Protein chains: 2
Amino acid sequence: MRNVKLTIEYDGTHLHGFQIQKRKRTVQGELEKALKTLFRRKIRVAGSGRTDAGVHARGQVVSFQVDSDILTRKIRAGLNRYLPADISVRDVKDAPLNFHAQFSAKWKTYEYKILQTQVRSPLERFDTFWLRYELDLKKMKRAACVLLGKHNFRSFESSGSARKSAVRTVRSLSVSKTGDVFTILIQADGFLYKMVRTIAGLLVDVGSGKLSLGDVKVIIKSKNRKAAGWTAPARGLCLKQVTY
Amino acid sequence: MRNVKLTIEYDGTHLHGFQIQKRKRTVQGELEKALKTLFRRKIRVAGSGRTDAGVHARGQVVSFQVDSDILTRKIRAGLNRYLPADISVRDVKDAPLNFHAQFSAKWKTYEYKILQTQVRSPLERFDTFWLRYELDLKKMKRAACVLLGKHNFRSFESSGSARKSAVRTVRSLSVSKTGDVFTILIQADGFLYKMVRTIAGLLVDVGSGKLSLGDVKVIIKSKNRKAAGWTAPARGLCLKQVTY
């Protein structure tokens, strides 16, 4: 047996998220279909984590075991031939047999992009969240500092999740602006369900003046999802990197 | 009567170019449809120039005359409500009655983006031309210098065009690289049919070593379309700005 690690990119716009579902195009579904064509047998992949419908990835990692000695570069070429245009395999590596895309992951980095313009942008419509009103970058940076570190992020977890602990360590969280685009870059040892999008929503509310720094502190302490407010839309989110 | 100047953005991926055509979605067609809804009468627009199917724009300019006193910001809001998601109006201004989007244009700026990676990119597939092989940036920059200035660009004009003169002045032409993306930025007083894409194709051939600087000089002098070679695909091209 051999353990293979894939780094994949996808445009989530027309995909129903990562996890396999019947009669729906998903990343896992398309990937397993391509693997079946390539290896002529059913292969189950494990992803570093699920991404929701509409969420993109530049560095999602999946692993799978297979009994085959095809060269890694041939696996990459073969999969990229069989995969649809909105998914590609950027890198293929052999991994130790105990490597697992989800359980071996140390850090994950997500990027959330907000376009702040008067008018909607056709060319940016699939990979940014468009906001008409202005945001105060300084305030957003300050709120990001409050979220940094080890916290119980229960307030930022969407219901439907069944994790035991909501304690996560946010190793870095930056907000920057280039042209009309605000970029939130966040790295943590793990994320609760919809946590990045809830943090993005919170930072928007701070940037618009709806919430103060004090409010952010209260929201974290409350450990109550209702306190944190809304979830920013999927299209602005991209899984950039998984570190092992 | 009143003369109105619109600056528009579009994602050309699913549009059949600028010019109106029966039973096909085009920029002009969609724009005139939205104008008809807004002003309740048939309005004909003039664009700064046509763009082909698949070509994008961030700063295409169109003008039209109308007998109405609606505020410019209301024209913008109205059109953006009626236009489809792949077209938007960025700016609306009143212009002198003798202003004409095509005939008053002084300079046009186009951008051509080439993605140079081993693997195709789902997230960049609609706005870059993907190349697997490496390009020599220095050689491309040198070839750009050769093309700069006033030349007869007959070699770069696709057939089907009926212009009298093929003499154009290229005011600036730069090639730069950020990450995996090569960007060709070109400004001229006008462009022949498919001229930018033929120049992009030529610069790629120089970057890959297929053509030398000497070849480029010969191609310009030949005034023969067959000499310049292929036309780079539409998806990498974007009309950035029209200057009046």
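Predicted model, so just to flag it, every value in this text is computed and none were measured.

Draft legend 1. Quick look at the environment of Ile70(A). Residues and elements named next belong to chain A. Checked against the element boundaries, Ile-70 lands in the loop between strand S3 (56-66) and helix H2 (72-82). Note: C-alpha distance between Ile-70 and Arg-2 (68 residues apart in sequence) is 10 Å. With residues near it in sequence (within four places) discarded, Ile-70 still touches Arg-2, Phe-39 and Ile-75.

Draft legend 2. Structural detail: the side chain of Thr198(B). Residue position: Thr198(B) is located in helix H4 (residues 195-207). Accessibility expressed as a relative area gives 0% for Thr198(B), which makes it buried.

Draft legend 3. Fine view of the pattern of salt bridges. According to the stated counting rule, one finds 26 salt bridges over all chains in the structure shown. Two residues, Glu30(A) and Arg25(A), come together in a salt bridge whose shortest N-O distance is 3.9 Å. Its relative accessible area of 29% is what places Arg25(A) among the partly exposed residues. Linking Glu124(A) and Arg58(B) is a salt bridge whose minimum nitrogen-to-oxygen distance equals 3.0 Å. With Glu124(A) in the loop between strand S5 (107-116) and strand S6 (129-131) and Arg58(B) in strand S3 (residues 56-66), this pair bridges two chains.

Draft legend 4. Region of interest: the interface of chain B and chain A. Facing 26 residues of chain B, the contacting portion of chain A comprises 26 residues. A combined buried area of about 2000 Å² lies between chain B and chain A, and 49% of that area is made up of carbon and sulfur atoms. Per-residue buried area on chain B facing chain A is highest for Val119(B), Arg120(B) and Leu123(B); these three make up 32% of the total on that side. Across the chain B-chain A interface, the total number found is four salt bridges. Listing elements by their share of the side of chain B that touches chain A, those giving two or more residues are strand S1 (2-10), S3, helix H2 (72-82) and strand S4 (87-95) of chain B. For the side of chain B that touches chain A, the residue count by class is 12 nonpolar, five polar and nine charged.

Draft legend 5. Looking closely at the pairing of strand S5 (residues 107-116) of chain B. Residue and element names in this part refer to chain B. Of all the 10 residues making up S5, nine are buried; the element is thus mostly covered by neighbouring parts of the structure. Judged from the six bridges that link them, S5 and strand S10 (residues 237-243) form a sheet pairing that is antiparallel. The partner of Trp-107 across the bridge, within S10, is Thr-243. Pairing geometry for S5 and strand S9 (residues 181-188), over eight bridges, is antiparallel. By the bridge assignment, Lys-113 is partnered in S9 with Thr-183.

Basis of the calculations
- Residues numbered from 1 in each chain as written.
- Chains lettered and ligands numbered in written order.
- Predicted model: local features only at pLDDT ≥ 70, side-chain atom pairs only at ≥ 80, totals over all residues.
- Heavy atoms only, no water.
- Helix = DSSP H or I, 4+ residues; strand = E, 2+ residues; numbered from the N terminus.
- Contact = heavy atoms within 4.5 Å.
- Buried < 20%, exposed > 50% of the residue type's maximum accessible area, 1.4 Å probe, protein only.
- Salt bridge = Lys/Arg side-chain N within 4 Å of Asp/Glu carboxyl O.
- Buried area = accessible area lost by both parts, 1.4 Å probe.
- Nonpolar A, V, L, I, M, F, W, Y, C, P; charged D, E, K, R; others polar.
- Pairing = 2+ DSSP bridges.

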